[in-house]
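Survey of secondary and tertiary structure
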Amino acid sequence: MSSQQHHRHQGYLTKFICMLVFLAFSSILTLSHAVVEMHEFTDLEMESDYRALIAELRCPKCQNQNLSDSDAPLAKDLRKKVFDQLSDGKNRSEIKQYMIDRYGDFITYRPPLTAKTIVLWGLPWLIVILAIFIIWRRTRAMDMKTTLSVDEQAALTAVLAQNDANNSNARMADNKDEQ
Amino acid sequence: MSKQNSLPNKKGRSKVIWLVPLSFVALLAILYQGLSNDPRELPSALVGKPLPEFALKTLAGQEMSQQNIVGPALLNVWATWCPTCREEHEYLNTLKAEGVVIYGLNYKDDLTAAKQWLVDLGTPYQFTLADADGQVGIDLGVYGAPETFLINARGEILLRHAGEMNETVWSEKFEPIYKQLDEVET
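All of the points below concern the structure found in this document. What you see is a predicted model, and the numbers here were worked out from it, not measured in a lab. (Residues numbered from 1 in each chain as written. Chains lettered and ligands numbered in written order. Predicted model: local features only at pLDDT ≥ 70, side-chain atom pairs only at ≥ 80, totals over all residues. Heavy atoms only, no water.)

1. Concerning the interface of chain A and chain B
Taken together, the contact between chain A and chain B spans 20 residues of the former and 23 residues of the latter. Both sides of the chain A and chain B interface together cover about 1,700 Å² of buried area, and 50% of this is carbon and sulfur. Looking only at chain A, the three residues that lose the most surface to chain B are Asp77(A), Arg102(A) and Tyr103(A), adding up to 29% of its buried area. Between the two partners, chain A and chain B, sit two salt bridges. Where chain A packs against chain B, one counts five residue pairs in polar contact (both at pLDDT 80 or more). Contributing elements (two or more residues each) for the side of chain A that touches chain B: helix 3 (73-87), helix 4 (92-103) and helix 5 (115-146) of chain A. Split into classes, the residues belonging to the side of chain A that touches chain B amount to 10 nonpolar, two polar and eight charged. (Contact = heavy atoms within 4.5 Å. Buried area = accessible area lost by both parts, 1.4 Å probe. Salt bridge = Lys/Arg side-chain N within 4 Å of Asp/Glu carboxyl O. Polar contact = N/O pair within 3.5 Å; in protein donor to acceptor, adjacent residues only side chain to side chain. Helix = DSSP H or I, 4+ residues; strand = E, 2+ residues; numbered from the N terminus. Nonpolar A, V, L, I, M, F, W, Y, C, P; charged D, E, K, R; others polar.)

2. A few points about the layout of surface pockets
A volume near 1,600 Å³ is recorded for the largest pocket. If you trace the largest pocket, you find 37 residues lining it, with Val119(A), Leu120(A), Leu123(A), Leu27(B) and Ile30(B) closest to the centre. For the lining of the largest pocket, the elements supplying multiple residues, two or more each, are helix 5 of chain A together with helix 1 (2-35) of chain B. For the lining of the largest pocket, the per-class residue count stands at 23 nonpolar, 10 polar and four charged. (1 Å grid on protein atoms, 1.4 Å probe; cavity = no way out; pocket = protein on both sides within 12 Å on 5 of 7 lines; lining within 4 Å. Points joined across faces, edges and corners; volume = space filled by probe spheres on them.)

3. As for empty space enclosed by the protein
Rolled over the atoms, a probe with the dimensions of a water molecule shows which regions are left empty. Evaluation of the coordinates by the stated rule reveals one cavity of 30 Å³ or more. Taken as a whole, the largest cavity holds about 40 Å³ of empty space. Partitioned by chemical class, the residues of the lining of the largest cavity number five nonpolar, two polar and two charged.

4. Digging into the state of the cysteines
Evaluation of the coordinates by the stated rule reveals two disulfides over all chains. The residue that forms a disulfide with Cys59(A) is Cys62(A), at a sulfur-sulfur distance of 2.3 Å. Given an S-S torsion of about 65°, the disulfide between Cys59(A) and Cys62(A) has right-handed geometry. Both residues of the pair, Cys59(A) and Cys62(A), belong to the buried class. Two residues, Cys82(B) and Cys85(B), share a disulfide whose sulfurs are 2.1 Å apart. For the disulfide bridge between Cys82(B) and Cys85(B), the dihedral angle about the S-S bond is near 95°, and by the sign convention the bridge is right-handed. Take Cys82(B): its relative accessible area is 3%, and that puts it in the buried class. Residue class for Cys85(B) comes out buried when judged on its relative accessible area of 2%. (Disulfide = S-S within 2.5 Å. Buried < 20%, exposed > 50% of the residue type's maximum accessible area, 1.4 Å probe, protein only.)

5. Re the packing of helix 2 (residues 44-56) of chain A against helix 3 of chain A
Residue and element names in this part refer to chain A. Packing of helix 2 against helix 3 leaves a shortest axis separation of 10 Å and a crossing angle of 145°. The crossing of helix 2 and helix 3 is right-handed. Facing helix 2, whose interface residues are Met46, Asp49, Tyr50, Leu53 and Ile54, helix 3 presents Arg79, Val82, Phe83, Leu86 and Ser87. Grouping the amino acids of the contact of helix 2 with helix 3 by side-chain chemistry returns seven nonpolar, one polar and two charged. (Axes fitted to C-alpha atoms, helices over the stretch in contact; angles between N-to-C directions. Left-handed = near helix turned anticlockwise from the far one by under 90°.)

6. Quick look at the sheet that holds strand 6 (residues 147-151) of chain B
Residue and element names in this part refer to chain B. Spatially, the five strands line up as an open sheet ordered 5-4-3-6-7, and their pairing is mixed. Of all the strands in the sheet, the pair left with one neighbour each is strand 5 (128-131) and strand 7 (157-162). Neighbour-to-neighbour, the strand axes of this sheet turn through a mean angle of 20°, independent of strand direction. As paired elements, strand 3 (residues 73-78) and strand 6 share five bridges and run antiparallel to each other. (Pairing = 2+ DSSP bridges.)

7. Focus: the side chain of Glu147(B)
All names here are of chain B. On the secondary structure map, Glu147 appears in strand 6. A residue is classified by how much of its surface remains accessible, and Glu147, at 1% relative accessible area, is buried. Of the polar contacts made by the side chain of Glu147, one reaches the backbone nitrogen of Tyr143; its length is 3.0 Å. Glu147 has contacts with Leu75, Asn76, Val77, Gly141, Val142, Arg160, His161 and Ala162, leaving out every residue within four places of it along the chain.

8. What to know about the packing of aromatic side chains
Residues and elements named next belong to chain A. Inspection of every chain in the model, using the stated rule, returns 10 aromatic pairs over all chains. The interplanar angle of 75° and the centroid separation of 5.6 Å between the aromatic rings of Phe41 and Phe83 together place this pair among those described as edge-to-face. Here Phe41 is found in the loop between helix 1 (3-33) and helix 2, whereas its partner Phe83 is found in helix 3, with 42 residues between them in sequence. Looking at Arg102, its charged tip hangs above the ring of Tyr98, at a distance of 3.7 Å from the centre. (Phe/Tyr/Trp six-rings, centres within 6.5 Å; stacked < 30°, edge-to-face > 60°. Lys NZ or Arg CZ within 6 Å of the ring centre and 35° of its normal.)

9. Things to note about the pattern of salt bridges
With the rule as written, the count across this model stands at nine salt bridges over all chains. Lys80(A) is the salt-bridge partner of Asp84(A), the closest N and O atoms lying 3.0 Å from each other. Residue Asp84(A) and its partner Lys80(A) are located together in helix 3, separated by four residues, close to a single helical turn. Of the charged contacts in the structure, one is a salt bridge between Glu156(B) and Arg154(B), with a shortest N-O distance of 3.4 Å.

Right under this line is the structure:
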């Protein structure tokens, strides 16, 4: 191996190490963004309930963040509220209802079925069904048009025959003019 | 038969065809209107419900409960860390001078700073509840300061406004309902 080649290899190695170091640091930085709070869970079920609730509940102060993602002081208070209520033995739906009673359906990312949400979720399906119905009606109407009744077929033949006759007459007239 | 059928059918269809651009325009209008909505304005879950039960001390140290808030009155949630609260404070003083009863809820704040604030800027409140840990705030569905609630004589929340209280908000949102309350009372 020539010394030049050796040098180039070293360059690649330095670059590679630099990249590794950069990646390691950037992952540390990302980690430090996550909310770290110490909670003493009595059992695994309580912990999974806690995680599910803070993922499903939205921070009212933030526009689109759940409680687990938000650094807002209110989100911290509400996480504590969730934890305290779980410690008191409340179940998931009770805690969810507690939050909805205070902050409205806005607080949950899974709002219940109400008149408003039915319109929101049902209207697209209604439009699709309506569109399919209209397309079906129109294609059926077009199919019906292509087949003629016996009377119509007879009338058509008559019209075409008349047309042919007219045309040939006209041609004869033209020929006469030219002559 | 086909002749009889096809005629009204065609007419009906041409009317239906018009519905398509019409509903499209209607949809656009609804969506366009939605652009001017403030996404920070949340629907309030507590309107029409009684004030939550609480036991809090005032800044002066007196024990108070929800029964000490006698409507028709305003309940104003404020804090010294909130710049908009400073902006609306002068208008709250004006309202008090006009005879509107206002109660204060000092939300997640430093009590010394809160007391000093009232000395410096004047006190529009009958009394100010100190909700240092924000628990009553959660019960009220508070998600920021300032917020102002309109309470009737039965202690029910009639109106909730998140954001600055000023002349426009008062005269357009609060006064029409407040006036009716006053008339019923007297």
